[in-house]
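Spelled out, the chains give:
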Amino acid sequence: MSGSEVVIVGGGVTGLSAGWWLARSGVKVTVLDKFIVGWEASGRNGGGASHYSSPLFDEEQRLWPQMDELLGYPTEHQKGRILIAMTERQWEQYRFIAERHTRLNHPVELLDVKQVQEAVPLAGDNSFGGVHYKFGGHANPQRSVQAYAWALQDLGGKIVQHSPVTDFETAGGKVTAVKTANATYGCDAVVVAAGPQIPQLMAQLGVDVPLAAARAEMIITEPAPMMPLGGVDGHKIYGRQTLRGNLAYGGGPHEWLDVDATGPAARPSTPLARNLAKRLAELLPKAAHLNVIRSWAGIIENSPDGRPIIDRLTSPDNVVVASMSSVGFGLSPASGHAIRDLVIDGKCSFADIDILKLSRFDNLESDWREKRGWMPIS
Amino acid sequence: MELNFTGTDICAINGTRSAPETHYDIVVVGAGPSGVAAAIDAAKAGAKVLLVDENPVSGALMGNDIPLYFGGRMTAATQNTDRMLEAIFMSMPALENAMDAGVELLLGTTAWGVYRNGPGVASLPQQVVGLADSERSWLVGFDKIILATGARDLAMSFPGWNQPGVMGAAALQMLLTRYEAFAGQRILVLGSHDLALETALLAQARGIDVVGLIEVRDAPQGNAELVAQVAAAGIAIHCGQTITSATGGINGIESATLSTGDVVACDTICVAIGLIPSIELVDAMHGPRALNATRGGYIPAGEPSVTAVGDCAGLADSGFDHVAYRMDWMRALSDISADDTIICQCEEVTRADLIGVQPPNYLSRPAPMCARSLDTLLEDGPANPDQPARQPPRTGSSAAAQNPC
């Protein structure tokens, strides 16, 4: 497929990674974004890269340590993760998960309260214990999305910002062009990785993609002294210490929303920031004095079973749809690879990803959102 | 798919947000003259009114240039919170009038955000303002909010500005008048518009040696009467010049070098080029704003539910184009700055790194990274000002969000 044209709708982390992977294979790539690449949830998340329940996990783990070198730009990727249990119940859950990892041969170590304090200097004596994952890791979402975008350009790919996709041209069971207000982009294949806007875009192709959008929030503090391992979370928050020392953490509860075809109207922070700060202060009491200097929110699309959708459609048969259900950032090196494989070869070369097919929702009840309580507050 | 769903998502926010512990008819943020007057008016009209002001902030925060650009030129007196509280009451008799009128007053209390339902959020039981003092944070409900958050110092970078002794005009005025806690003795003032002229006259009246004003344009910019007063006070205004560097020692600034080559001995350089209306809370509310060059920059724009009074609603309009004036200063200071001039003190970003879109020094800079620049970024279309640093936006008005740059 070298030399053919692929248009990617959506310059989030998944679309950018897919574009980069395709460009590496000699494909001419154009990424269309409605605003600025990586400017929404792709750049505003916990940065975690330890998705052990995904079929893309092994590839995620294989690729992240190489990404700085492969992309040519820094991602701040760091290895390892420590979960700290702040309640008896969390401690039970974390030990259960640790046992599962041991069975799967993922290296984990249980830490008692004292070991937690030794491994995590900002922790206190108020925990029940911790689990050290000696795999996985985290990276800086803001830097990584920019790294993908630049690496893609370095391979000749094009990025067109401020250009929302309006519709598609189809012929002979294929999408032949993607249209924006100002231009029409002819294509041999299309990747739709437009996050919360996927359902409306795919509806134009007669394809129903069941997704519900929710707002998630994060906070970031002033810099704290550097910890030897920055991927510390637990206590119902997720996040990391940046290489500058700031603590960047997010967590629930989330709010279900409706999103227009043009995307989220706003991504407001709420007083949940205060609740996040409280949990962070409990998790890392020696950082409790730090001021919160930023807060932000992102809109995440979720599939009915919470798993990503990565699928090449049968009709139109040159369209790959990719929606990552809130695990898009960490899995991005692997999801991009999988999307590249689907576009070029029609099949993922490194993992069985049938579980991510859209067809699993063929018999989905029409009131699936209501049944799950995933409706916006009226 | 045939699972038993309950119709409820226990992890969703629905119903989990409790109503705030207190509710006021009106909350006024900022206890400067405009805020106090608004609070008194509201209380006299029978409303239940809360008036909050973040001052006095702790000495440690003042050391971080919060809420104004103090430049480390505070005396040790600012470490004593009781003394600072007393100083505020002594300097603002209207505060007692407000309390007599029934206004509930909370000093040392920061309003860190204002939140209401709207696009993207429907989960708030009512509109709230987030407050915090040195002990705790809490939420307060309100029917109406009046923002009287004032204006903050505009900082500008030049070689050597990142030393103690470079400070803002609003900070200097606050230290001189409210706290009587300015630690400098000999100041050079940058700018010659009303702010600079008033600051120079005030400083001299308080016994500070004002060695002169530096004006980048060819003539003094402020109103003629103030210019005449400054001349009568024997303070020189050096026009068509700029500062090219500041040097200092362990205690900060010791001298400034001008574009003429003259070296001026001083312990403080007061950046009095302009003030910026503090509209962070308007932003946090997703309230509309508009650029108004004669009123100091972005100001709240026309939404009836957001009432802004005083400087945060826009500086007094004298027809002077503040934005064009700042740009003249910015160009002149940018021209004389070197690659290694620090632009952002908080994050230690140099001029070369900002323009080169380069990451901080703790990250590697492989060849493709070094080839990137602001120019290549702009080839992709209009950029967001936060894009070069790839930093998410700052919080509405948390204490640490107000650093000078």
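Procedures and definitions
Within every chain, residues take consecutive numbers counted from 1 along the sequence as written. Written order decides the labels, with chains lettered from A and ligands numbered from 1. It should be noted that, the model being predicted, local features are given only for residues of pLDDT at least 70 and side-chain atom pairs only at 80 or more, the latter also being counted only at that level, while totals for whole chains, interfaces and linings use all residues. A run of H or I in DSSP becomes a helix once it reaches four residues, and a run of E becomes a strand once it reaches two; helices and strands are each numbered from the N terminus. The globule rule used here is 2.2 Å times the number of residues to the 0.38 power, and the radius of gyration it is set against is calculated over C-alpha atoms. Counting other C-beta atoms within 10 Å of a residue's C-beta gives its exposure: the residue is buried at 20 or more, exposed at 12 or fewer, and partly exposed in between, where C-beta atoms are placed from the backbone. Working definition of a contact: two residues with C-beta atoms, positioned from the backbone, lying within 7 Å. Expected span of a helix, by definition, is 1.5 Å for each gap between consecutive residues, and there is one gap fewer than residues. Bend, at a single residue, is the angle you get between axes fitted to the 7 residues ending at that residue and the 7 residues starting at it. Here, a nonpolar core means buried Ala, Val, Leu, Ile, Met, Phe, Trp, Tyr and Cys residues linked by C-beta atoms lying within 7 Å of one another. The residue classification treats Ala, Val, Leu, Ile, Met, Phe, Trp, Tyr, Cys and Pro as nonpolar and Asp, Glu, Lys and Arg as charged. All others, Gly included, are polar. Domain start and stop points were drawn from an automatic or database domain assignment. The predictor attaches a confidence to each residue, and that confidence, scored 0 to 100, is pLDDT. At least two DSSP bridges between two strands are needed for those strands to be called paired. What counts as an axis is a line fitted to C-alpha atoms, over the stretch in contact for a helix, and the angles between N-to-C directions run from 0 to 180 degrees. Should an angle fall under 35 degrees it is called roughly parallel, over 145 degrees roughly antiparallel, and 65 to 115 degrees roughly perpendicular, with every other angle called oblique. Each crossing is labelled by how the near helix is turned from the far one, with a counterclockwise turn of less than a right angle marking it left-handed and a clockwise turn marking it right-handed.

## Some points on the overall build of chain B
(1) Moving on: A tally of helices and strands in chain B yields 12 helices and 21 strands.
(2) Moving on: For 405 residues, the compact-globule estimate of 2.2 N^0.38 gives 22 Å, and the C-alpha radius of gyration of chain B, at 23 Å, lies within 12% of that figure.
(3) Moving on: Considering only C-alpha atoms, chain B reaches an extent of 80 × 65 × 40 Å along its principal axes.
(4) Moving on: Buried positions account for 47% of the 405 residues belonging to chain B.
(5) Moving on: Taking the intrachain contacts of chain B between residues at least 6 apart in sequence as the baseline, contacts between residues at least 24 apart amount to 66%.

## Overview of the overall build of chain A
(1) Moving on: Broken down by element type, chain A carries 10 helices and 17 strands.
(2) Moving on: At 21 Å, chain A has a C-alpha radius of gyration in line with the 21 Å of a compact globule built from 378 residues.
(3) Moving on: Projected onto its principal axes, the C-alpha positions of chain A cover 65 × 50 × 40 Å.
(4) Moving on: Counting across all 378 residues of chain A, residues that qualify as buried make up 58%.
(5) Moving on: Partitioning the intrachain contacts of chain A with sequence separation of at least 6 by distance along the chain shows that 73% fall at a separation of at least 24.

## Some details on helix H9 (residues 328-345) of chain A
Residues and elements named next belong to chain A.
(1) Moving on: Here H9 contains 18 residues, and its C-alpha end-to-end distance of 22 Å is more than 12% below the 26 Å for a straight helix at 1.5 Å per residue.
(2) Moving on: Along its length, H9 shows its largest kink, about 45°, at Ala334.
(3) Moving on: In terms of residue burial, H9 counts as a mostly covered element, since 16 of its 18 residues are buried.
(4) Moving on: Positioned one or two residues after H9, Gly346 has a phi angle of 80°, which is positive.

## Observations concerning the nonpolar core
(1) Moving on: Ranked by internal contacts, the top residues of the largest apolar core, which has 125 residues, are Val9(A), Val191(A), Val192(A) and Val321(A).
(2) Moving on: Counting residues in each nonpolar core, the second largest holds 104 residues, with Ala42(B), Ala87(B), Val114(B) and Cys270(B) among its members.

## Points about the interface of chain A and chain B
(1) Moving on: If you look at the interface, chain A gives 47 residues, while chain B gives 49 residues.
(2) Moving on: Counting residues per element, the side of chain A that touches chain B draws most heavily on strand E14 (residues 246-257) of chain A, at six residues.
(3) Moving on: Tallied by class, residues from the side of chain A that touches chain B come to 21 nonpolar, 12 polar and 14 charged.

## Quick word on unusual backbone geometry
(1) Moving on: In the segment running from Ser315(A) into Pro316(A), the intervening peptide bond is cis, with an omega of -5°.
(2) Moving on: Residue Asn55(B) is joined to Pro56(B) through a cis peptide bond whose omega torsion reads -5°.
(3) Moving on: Here Pro56(B) is to be found in the loop between strand E2 (49-53) and helix H2 (59-63).
(4) Moving on: A positive phi is found at Asn105(A), a non-glycine position, where the angle reads about 65°.
(5) Moving on: When you line up the elements, Asn105(A) lands in the loop between helix H4 (88-103) and strand E4 (108-111).
(6) Moving on: Here Asn105(A) falls in the exposed class, since 7 other C-beta atoms lie within 10 Å of it.

## Describing the domain arrangement of chain A
All names here are of chain A.
(1) Moving on: As far as domains go, chain A holds domain 1 (5-73 + 141-211 + 305-372) and domain 2 (78-138 + 212-302).
(2) Moving on: The C-alpha-based centres of domain 1 and domain 2 are spaced at 26 Å.
(3) Moving on: Taken together, the residues of the side of domain 1 that touches domain 2 break down into nine nonpolar, 13 polar and four charged.

## Observations regarding the domain arrangement of chain B
All names here are of chain B.
(1) Moving on: For chain B, the domain assignment lists domain 1 (22-152 + 276-313) and domain 2 (155-273).
(2) Moving on: Each of domain 1 and domain 2 was reduced to a C-alpha centroid, and the two centroids are 29 Å apart.
(3) Moving on: Contact with domain 1, which involves 16 residues of that partner, is made by 20 residues of domain 2.
(4) Moving on: When residues of the side of domain 1 that touches domain 2 are traced back to their parent elements, those giving at least two are helix H3 (81-91) and strand E7 (151-153).
(5) Moving on: By residue number, the principal contributor to the side of domain 1 that touches domain 2 is H3, which donates four residues.
(6) Moving on: Considered class by class, the residues forming the side of domain 1 that touches domain 2 number nine nonpolar, five polar and two charged.

## Side note on the confidence of the model for chain B
All names here are of chain B.
(1) Moving on: Per-chain confidence: chain B averages 91 in pLDDT, with 94% of residues scoring 70 or above.
(2) Moving on: This stretch, residues 392-405, has a pLDDT under 50; its non-local contacts, to residues over four places away or in other chains, come to 62 contacts.
(3) Moving on: Taken together, the chains of this predicted complex give a pTM of 0.93 and an interface ipTM of 0.90.

## Some details on helix H1 (residues 33-44) of chain B
Residues and elements named next belong to chain B.
(1) Moving on: In this model, H1 (12 residues) spans 16 Å end to end at C-alpha, consistent with the 16 Å of a helix rising 1.5 Å per residue.
(2) Moving on: Regarding H1, the residues found buried are Ser34, Gly35, Val36, Ala38, Ala39, Ile40, Ala42 and Ala43.
(3) Moving on: Positive backbone phi, approximately 100°, marks Gly46, located one or two places after H1.

## A closer look at the environment of Val27(B)
(1) Moving on: Along the chain, the position of Val27(B) falls in strand E1 (residues 22-29).
(2) Moving on: The spatial distance from the C-alpha of Val27(B) to the C-alpha of Cys11(B) is 32 Å, given a sequence separation of 16 residues.

## Notes on the pairing of strand E12 (residues 243-249) of chain B
Residues and elements named next belong to chain B.
(1) Moving on: As paired elements, E12 and strand E13 (residues 252-258) share six bridges and run antiparallel to each other. Residue Gly249 lies in a different strand from E13, and its bridge partner there is Gly252.
(2) Moving on: Hairpin remark: E12 followed by E13, antiparallel, with two residues in the connecting loop.

## Quick word on the packing of helix H1 (residues 13-24) of chain A against H9(A)
Residues and elements named next belong to chain A.
(1) Moving on: Two elements in contact, H1 and H9, have axes separated by 7 Å at closest approach and are oriented at 45°. With respect to their mutual orientation, H1 and H9 come out oblique. Here the hand of the crossing between H1 and H9 comes out right-handed. Between H1 and H9, the residues in contact are Val13, Thr14, Ser17, Ala18, Trp20, Trp21 and Leu22 and Gly328, Phe329, Ser332, Pro333, Ser335, Gly336, His337, Ile339, Arg340 and Val343, respectively.
(2) Moving on: Split by residue class, the contact of H1 with H9 holds nine nonpolar, seven polar and one charged.

## Considerations on the packing of H3(B) against helix H5 (residues 169-179) of chain B
Residue and element names in this part refer to chain B.
(1) Moving on: One can describe the packing of H3 onto H5 by two numbers: an axis separation of 9 Å at closest approach and a directional angle of 85°. It follows from the interaxial angle that H3 and H5 lie roughly perpendicular. Where H3 approaches H5, its residues Met84, Ala87, Ile88 and Ser91 are matched on the opposing element by Thr177, Arg178 and Tyr179.
(2) Moving on: Residue classes in the contact of H3 with H5 are distributed as four nonpolar, two polar and one charged.

## Observations concerning the sheet that holds E4(A)
Consider a sheet: its strands pair through backbone hydrogen bonds, and that pairing is either parallel or antiparallel.
All names here are of chain A.
(1) Moving on: Strand order in the open sheet made by the four strands is E4-E5-E3-E12, with mixed pairing throughout. Edge strands, defined here as strands with exactly one partner in the open sheet, are E4 and strand E12 (232-233).
(2) Moving on: Pairing between strand E3 (residues 78-85) and strand E5 (residues 129-138): seven bridges, direction antiparallel. The residue of E5 that forms the bridge with Gln78 is His138.
(3) Moving on: Along the sheet face, H4 touches E3, E4 and E5 and points at about 155° away from the line of E4.

## Thoughts on the sheet that holds strand E13 (residues 238-241) of chain A
Residue and element names in this part refer to chain A.
(1) Moving on: The four strands lie next to each other as E13-E14-E11-E15, forming an open sheet whose pairing is antiparallel. Edge positions in the sheet fall to E13 and strand E15 (292-302), since each has one partner strand and no second. Direction aside, neighbouring strands of the sheet carry axes that sit 20° apart on average.

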